[in-house]
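Overview (structure and organization)
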Amino acid sequence: MNPSNGTFRKRGVDYPVPEEMFTLPGEYYHSEDIYQQELEKIFYRRWQLACREEQISRPGDFIVVPVGNESIIVSRTKRDEIKAHFNVCRHRGTRICMEERGHFENGVIQCPYHAWQYDLDGALKGAPLMRDVSGFKKEDHSLYPVNVRLWGGFVFINLSENPAPFEDEMGALFERFEAWRLPELRIAHHLPYRLKCNWKLILQNYQECYHCPGVHPLLADWTPFQNAVHDCMEGAVIGGYMELTTEGGSMTMDGLAAAPPVCDVSGDDLQRVYYYSVYPNLLLSPHPDFVLYHLIRPVNVGEITNDCYFLLHPEVMNDAKKMERFQSAIEFWDMTNRQDWAVCEQMQLGTSSIRFTGGRYAPQEDMLYALDKELLKALAEKK
Amino acid sequence: MNPSNGTFRKRGVDYPVPEEMFTLPGEYYHSEDIYQQELEKIFYRRWQLACREEQISRPGDFIVVPVGNESIIVSRTKRDEIKAHFNVCRHRGTRICMEERGHFENGVIQCPYHAWQYDLDGALKGAPLMRDVSGFKKEDHSLYPVNVRLWGGFVFINLSENPAPFEDEMGALFERFEAWRLPELRIAHHLPYRLKCNWKLILQNYQECYHCPGVHPLLADWTPFQNAVHDCMEGAVIGGYMELTTEGGSMTMDGLAAAPPVCDVSGDDLQRVYYYSVYPNLLLSPHPDFVLYHLIRPVNVGEITNDCYFLLHPEVMNDAKKMERFQSAIEFWDMTNRQDWAVCEQMQLGTSSIRFTGGRYAPQEDMLYALDKELLKALAEKK
Amino acid sequence: MNPSNGTFRKRGVDYPVPEEMFTLPGEYYHSEDIYQQELEKIFYRRWQLACREEQISRPGDFIVVPVGNESIIVSRTKRDEIKAHFNVCRHRGTRICMEERGHFENGVIQCPYHAWQYDLDGALKGAPLMRDVSGFKKEDHSLYPVNVRLWGGFVFINLSENPAPFEDEMGALFERFEAWRLPELRIAHHLPYRLKCNWKLILQNYQECYHCPGVHPLLADWTPFQNAVHDCMEGAVIGGYMELTTEGGSMTMDGLAAAPPVCDVSGDDLQRVYYYSVYPNLLLSPHPDFVLYHLIRPVNVGEITNDCYFLLHPEVMNDAKKMERFQSAIEFWDMTNRQDWAVCEQMQLGTSSIRFTGGRYAPQEDMLYALDKELLKALAEKK
């Protein structure tokens with residue numbers, strides 16, 4: 001970095017950096033009021049990951065997706081479409097599905113309380129004894145709909161009644177990662193975590209490798225932080241990659257590949273681990289030999305669930321010997337995840353101090369500064 | 001129902017129904033502010049069930065009754081009267097009784113902190129070293145009194161300093177159920193429950209059988225919901241009954257009576273199960289062969305305790321063979337209770353949704369609409 | 001006491017007492033708002049006990065001290081000074097130390113997140129990649145300092161940026177208890193407690209023995225409450241003593257000494273147990289044969305930790321036989337502590353009642369009235 005001209009040199013390129021990048025004050029991780037605004041203006045308004053298509057593979061299958069304080073039913077219709085609805089009966093507001101996932105027999109969504117019945121498109125089909133109620137029309141009492149869009153085998157939802165175009169937010173993903181043929185991949189493993197930190201701290205943690213040498217010695221060996229490159233910032237998508245130092249390497253305990261290259265992955269992609277954050281709740285990491293993603297869900301202002309999934313081609317999953325080797329990737333990421341969770345939880349604790357009024361970002365944390373500005377813009381939106 | 005003239009036909013009678021019965025918005029089950037108002041204006045102001053007289057059978061016996069955030073001591077004096085007082089020492093505010101129930105030796109209520117002593121009427125009898133304190137008079141420092149009234153072996157209390165007449169609220173009960181000779185009955189069994197729902201949802205659940213076919217298949221077999229009749233709405237009392245389809249039947253696993261008819265029960269009453277709600281915390285269900293009642297206590301805006309008691313004549317309780325048969329009633333109601341609790345808890349969850357702004361009641365839910373209006377009237381009272 | 005002239009006779013002396021000493025209303029033990037003010041205006045502003053010097057005996061040793069919602073690192077420098085700092089990294093606010101106590105290797109305090117390094121004086125020594133950041137100076141990013149003062153082997157801290165003089169608050173302690181040679185004593189035993197009551201109730205409990213006859217029969221035998229004398233009220237220090245009835249006695253299960261007299265203790269002090277409260281968080285009780293102290297820490301408005309320590313001369317601690325005998329003091333105080341905790345928790349419960357609007361103090365509770373007035377004065381301070 002050359003302070004005289006405000007640029008930052010990384011991998012031979014001079015990037016412009018803002019002169020003074022201050023962090024947010026600590027209240028942004030602790031204020032109940034700010035958290036409620038984030039739910040309203042981000043989680044109840046933006047496109048976000050719900051699940052993988054494969055998690056509701058047959059018509060009638062459903063999965064219940066928590067979004068802040070809301071509960072959303074995502075299900076597959078008989079026409080093989082994916083639909084989503086608020087998990088709320090239109091009669092008296094009862095939560096319809098108690099299970100985390102299941103199957104609607106005969107395509108009927110039935111409230112457990114007074115047995116009102118909806119079809120998989122959310123239309124009210126049965127409402128006992130309501131026939132003669134003055135002014136009551138079934139067509140006015142469909143389940144509250146939630147918008148759905150699909151990409152790469154992922155199901156995205158948007159709770160808003162007037163959602164922004166999916167393409168504006170997610171378009172940057174469409175052209176990327178085609179070589180991985182994401183829709184063909186399947187969940188090979190799931191690591192569920194629950195963390196005591198604000199949801200934004202996980203996104204920050206994912207967008208800088210300034211912490212890697214100290215926090216992740218093994219990761220820093222396989223992909224030195226000097227090799228970090230940002231190559232995308234568009235809509236909800238911020239991303240980059242890190243170069244693997246070992247040829248044919250990957251993020252495993254010994255640094256060697258955990259599986260054959262995924263589908264059509266070739267060339268430079270064989271030496272790169274991508275880290276794409278898809279605001280606000282998906283962290284997507286295509287590796288040469290597998291795809292890792294995290295699904296972040298706020299539980300309250302200081303707590304999240306963080307579900308880490310590994311995607312593989314079914315051919316690999318059907319090969320017991322290959323899956324044995326794959327354990328090394330799971331072990332590596334479980335270890336590395338926990339290293340991150342520990343420091344995120346420490347940051348949650350420290351930022352509540354009366355003395356902490358903000359700090360200075362390092363140049364390598366410029367993406368965090370960008371995330372902070374996006375947050376402030378979102379919070380300034382009208383209700 | 002005939003929408004043109006706004007009546008609802010039930011068992012051959014045309015009842016008038018309101019044209020448009022909307023439910024309360026969801027906040028009434030979730031707002032901390034509304035809950036605090038309900039405590040102040042209902043639980044700290046209305047007559048409500050405290051316990052059965054038999055629970056404090058000897059002079060000096062006491063039971064500690066939680067009412068919202070308050071704790072009330074109900075005890076029997078040497079003159080065999082029942083008195084109630086706030087469980088708060090007049091010296092420095094210490095909670096006097098730690099136990100749920102017990103016996104005051106020698107008729108002395110003594111604070112565990114500084115040993116101030118009160119008699120069973122609440123009068124301050126001993127206050128060590130306070131004799132010479134300027135302006136201090138024992139007669140100004142009696143325990144804070146709570147009003148007490150008795151009916152049917154039940155002890156009712158009212159925390160207000162200016163309670164409404166007991167007769168106005170509870171008068172509708174006085175003439176009813178004399179055949180059961182309620183004061184002679186004793187607690188034969190107690191099922192304690194703790195539920196994650198607002199207290200009003202249990203009262204609503206009790207006042208409609210619209211949910212019975214789906215939620216309670218067995219109950220609906222013994223007493224089809226078409227047989228439901230409302231026969232009382234006066235003061236704090238709302239009630240009705242359901243007709244048993246089986247002669248000599250009752251609410252048990254096999255639908256047959258669990259015990260001989262209670263005391264003088266005869267005629268139509270042998271084929272009826274009564275469901276009377278005594279606002280705000282007693283649900284009273286005389287059956288031909290036993291009496292069931294629920295005591296509802298709010299713990300917080302989204303949680304209650306619900307104590308279910310079975311009353312029998314001591315003659316039945318002293319007969320081991322009859323009590324063996326009686327298990328069938330306990331089993332039936334425990335099963336049926338849990339079916340209700342599950343849907344009430346689902347309704348608590350769903351009504352918190354941002355999308356739920358209220359729904360339409362079915363004609364069979366007209367009593368809920370009446371309850372809602374009573375609530376709004378109570379909340380509109382002055383502080 | 002003679003009400004006509006407003007004096008109170010104790011041990012042959014006429015003390016003036018206020019005519020009407022009312023307690024605080026109950027909200028002072030339950031209001032979240034008042035509690036937050038107490039943190040700001042008392043715990044974040046006043047001198048208070050952090051630890052004993054011996055708990056960080058070697059250069060590099062540290063202990064982490066919770067103060068309300070803050071976390072403070074107290075450590076010993078290479079120059080053998082004791083320093084304290086907020087446990088907050090200046091980079092992004094991460095809490096630095098996770099452990100309750102430990103040792104900083106090589107005198108380096110390193111943040112676990114991005115490896116910023118501070119020396120034991122709090123100066124920023126290493127901040128990777130920050131060298132070229134515009135306007136960034138290491139000297140502007142020292143750890144936030146906390147004031148430290150030592151007395152009697154105790155470490156006191158003050159979180160304020162403009163602390164009142166230590167001498168003004170604590171001066172009354174300096175001349176007292178010299179015979180015990182407090183700096184030479186060491187922690188012989190530690191009883192940790194967690195209580196469900198407001199922090200002020202413990203200070204009140206410590207400042208009156210009006211409750212002793214009822215709550216502590218054994219203590220009242222060894223030191224009758226009539227023998228209580230107040231002999232100090234200056235700055236943060238309020239104190240007095242109780243006379244032992246048995247010659248060569250102490251507070252043990254059999255009333256006899258638990259150990260030889262401490263250091264130079266002689267004369268009247270051999271027959272006295274001192275009870276000094278050092279506002280807001282130290283209760284100091286020199287006995288003839290040992291020193292007892294309690295360290296009070298608020299956890300929230302209705303909960304505290306209360307750590308009870310016994311100090312002895314190392315000579316006694318190195319004598320196994322003497323330590324066996326000393327168990328009698330530990331047993332006595334553990335029993336007596338628990339008697340106090342029970343009534344304090346009962347007072348916490350009772351004072352939340354809507355009916356409790358305050359009571360009258362007994363003359364023996366005059367120090368509580370003084371404490372209450374000090375509290376109101378503190379809360380009236382400007383932010």
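Residues numbered from 1 in each chain as written. Chains lettered and ligands numbered in written order. Predicted model: local features only at pLDDT ≥ 70, side-chain atom pairs only at ≥ 80, totals over all residues.

Moving on, we come to the overall build of chain A. The secondary structure content of chain A amounts to eight helices and 19 strands. Scaling as 2.2 N^0.38, a compact globule of 383 residues should have a C-alpha radius of gyration of about 21 Å, and chain A matches this with 22 Å. The dimensions of chain A, computed from C-alpha atoms along their principal axes, are 75 × 55 × 35 Å. Here chain A holds 383 residues, and 46% of them are scored as buried. The long-range share in chain A, meaning contacts at least 24 apart out of those at least 6 apart in sequence, stands at 64%. (Helix = DSSP H or I, 4+ residues; strand = E, 2+ residues; numbered from the N terminus. Rg over C-alpha atoms; globule rule 2.2 N^0.38 Å. Buried ≥ 20, exposed ≤ 12 C-beta atoms within 10 Å, placed from the backbone. Contact = placed C-beta atoms within 7 Å.)

Residue and element names in this part refer to chain A. Under the domain assignment used here, chain A contains domain 1 (7-43 + 178-379) and domain 2 (48-163). Centre-to-centre, using C-alpha coordinates, domain 1 lies 32 Å away from domain 2. Taken together, the contact between domain 1 and domain 2 spans 13 residues of the former and 10 residues of the latter. Where the side of domain 1 that touches domain 2 is concerned, the elements lending two or more residues are helix H1 (32-43), strand S13 (186-195) and strand S18 (291-300). For the side of domain 1 that touches domain 2, the class distribution of residues is 10 nonpolar, one polar and two charged. (Domains from an automatic or database assignment. Nonpolar A, V, L, I, M, F, W, Y, C, P; charged D, E, K, R; others polar.)

Let's shift gears to the nonpolar core. Among the nonpolar cores identified, the biggest contains 324 residues, and A:Val74, B:Val74 and C:Val74 are the most heavily contacted of them. Among all residues touching B:Val74, those that are not within four sequence positions of it are B:Ala50, B:Cys51, B:Ile56, B:Phe62, B:Ile63, B:Val65, B:Ile82, B:Ala84, B:Val155 and B:Ile157. (Core = buried A, V, L, I, M, F, W, Y, C linked by C-beta atoms within 7 Å.)

Sheet strands associate in pairs through backbone hydrogen bonding, adopting either a parallel or an antiparallel arrangement. Residue and element names in this part refer to chain B. With antiparallel pairing, three strands are arranged side by side in an open sheet as S8-S9-S10. Across the chains shown, the open sheet's two edge strands, defined by having one partner strand only, are strand S8 (108-110) and strand S10 (124-126). Adjacent strand axes in the sheet meet at a mean angle of 40 degrees, parallel and antiparallel pairs treated alike. Where S8 meets strand S9 (residues 117-119), three bridges bridge the pair, whose relative direction is antiparallel. Paired with glutamine 110 across the two strands is glutamine 117, which belongs to S9. (Pairing = 2+ DSSP bridges. Axes fitted to C-alpha atoms, helices over the stretch in contact; angles between N-to-C directions.)

Attention now goes to the interface of chain B and chain A. Between chain B and chain A, the contact holds 27 residues from the first and 26 residues from the second. Residue assignment for the side of chain B that touches chain A shows that the elements contributing at least two residues are helix H4 (212-215) and helix H7 (320-350) of chain B. Tallying contributions element by element places H7(B) first for the side of chain B that touches chain A, with five residues.

All names here are of chain B. Of all the residues in helix H2 (residues 166-174), the buried ones are Glu169, Met170 and Leu173. Seen along its axis, H2 keeps its buried residues to an arc of 50 degrees; they face one direction. In this structure, the buried residues of H2 make contact with strand S11 (145-151), strand S12 (154-158), strand S15 (237-243) and strand S16 (272-278). (Arc of directions from axis to C-beta.)

Attention now moves to the relation of the copies chain B and chain A. If you rotate chain B by 120 degrees and push it 0.0 Å along the axis, it lands on chain A with an RMSD of 0.0 Å. Between the two chains, the operation in question is that of a three-fold axis. Relative to the rotation axis, the closest C-alpha in chain B is found at B:Glu32, a distance of 8.7 Å. (Least-squares fit on C-alpha atoms with pLDDT ≥ 70 in both.)

All names here are of chain A. It is at 10 Å that the axes of helix H3 (residues 199-206) and helix H7 (residues 320-350) come closest, and there the two elements cross at 130 degrees. If you check the angle between H3 and H7, you find them oblique. Note that H3 runs across H7; the crossing there is right-handed. For the pair H3 and H7, contact is made by Leu201, Ile202 and Asn205 and by Asp340, Cys344, Met347 and Gln348, respectively. For the contact of H3 with H7, the residue count by class is four nonpolar, two polar and one charged. (Parallel < 35°, antiparallel > 145°, perpendicular 65-115°, else oblique. Left-handed = near helix turned anticlockwise from the far one by under 90°.)

When you line up the elements, B:Asn87 lands in the loop between strand S6 (82-86) and strand S7 (101-103). A residue is classified by how many C-beta atoms lie within 10 Å of it, and B:Asn87, with 28 of them, is buried. With 61 residues separating them along the chain, B:Asn87 and B:Gly26 place their C-alpha atoms 34 Å apart. When sequence neighbours within four positions are dropped, the list of residues in contact with B:Asn87 reads B:Val64, B:Ser71, B:Ile72, B:Ile73, B:Arg95, B:Ile96, B:Cys97 and C:Gly350.

On to the environment of A:Asp366. Residue and element names in this part refer to chain A. Assignment of secondary structure puts aspartate 366 in helix H8 (residues 366-379). In this structure aspartate 366 comes out as buried when scored by C-beta crowding, with 20 C-beta atoms within 10 Å. Between the C-alpha atoms of aspartate 366 and methionine 21, which are 345 residues apart in sequence, the distance is 7.7 Å.

We now examine the sheet that holds strand S12 (residues 154-158) of chain C. All names here are of chain C. Ordered by their spatial adjacency, seven strands build an open sheet running S3-S12-S11-S6-S5-S4-S7, and the pairing between neighbours is antiparallel. With partners counted over all chains shown, the strands left at the sheet margins are strand S3 (48-52) and strand S7 (101-103), one partner each. Adjacent strand axes in the sheet meet at a mean angle of 30 degrees, parallel and antiparallel pairs treated alike. Pairing between strand S5 (residues 70-76) and strand S6 (residues 82-86): five bridges, direction antiparallel. When the bridges of S6 are listed, valine 74 appears paired with alanine 84. Packing of helix H2 (residues 166-174) onto the sheet brings it into contact with strand S11 (145-151) and S12, and relative to S11 it is tilted by some 20 degrees.

Now for unusual backbone geometry. The amide bond that connects A:Tyr279 to the next residue, A:Pro280, takes the cis arrangement and shows omega of 5 degrees. By secondary structure assignment, the location of A:Pro280 is in the loop between strand S16 (272-278) and strand S17 (282-286). Positive phi, normally seen in glycine, also occurs at B:Arg181, with a value near 45 degrees. Considering the arrangement of structural elements, one finds B:Arg181 in the loop between H2 and strand S13 (186-195). According to the C-beta neighbour criterion, B:Arg181 is partly exposed, with 15 such atoms within 10 Å.

Turning our eyes to something else, we now look at the pairing of strand S14 (residues 228-234) of chain C. All names here are of chain C. Pairing between S14 and strand S15 (residues 237-243): six bridges, direction antiparallel. Looking at S15, one finds that cysteine 232 is bridged to glycine 239. Connecting the antiparallel pair S14 and S15 is a turn made up of two residues, with glycine 235 showing a positive phi of about 60 degrees.

Note that A:Leu129 resides in the loop between strand S10 (124-126) and strand S11 (145-151). Here A:Leu129 is in contact with B:Tyr210, B:Ala362, B:Pro363 and B:Gln364, once residues within four sequence places are set aside.

Here we take up the pairing of strand S5 (residues 70-76) of chain B. In the case of a regular strand, side chains alternate between the two sheet surfaces. Residues and elements named next belong to chain B. For S5, a buried count of six out of seven residues is recorded, marking the element as mostly surrounded by other parts of the structure. Note that strand S4 (residues 61-67) and S5 share six bridges and pair antiparallel. From the neighbouring strand, proline 66 faces S5, where its bridge partner is serine 71. Taking the residues that link successive antiparallel strands as the turn, the S4-S5 hairpin has two residues, and the phi of glycine 68 there is positive, at about 60 degrees. Between S5 and the antiparallel strand that follows it, S6, lie five residues; aspartate 80 among them carries a positive phi value of about 65 degrees.

Time to look at the confidence of the model for chain A. Residues and elements named next belong to chain A. Put simply, chain A has an average pLDDT of 94, and 95% of its residues get 70 or more. Under a pLDDT of 50 for its full length, residues 1-5 has, in the predicted model, nine contacts with residues more than four places off or in other chains. Two numbers describe this predicted complex: its pTM, 0.93, and its ipTM, 0.92. (pLDDT = per-residue confidence, 0-100.)

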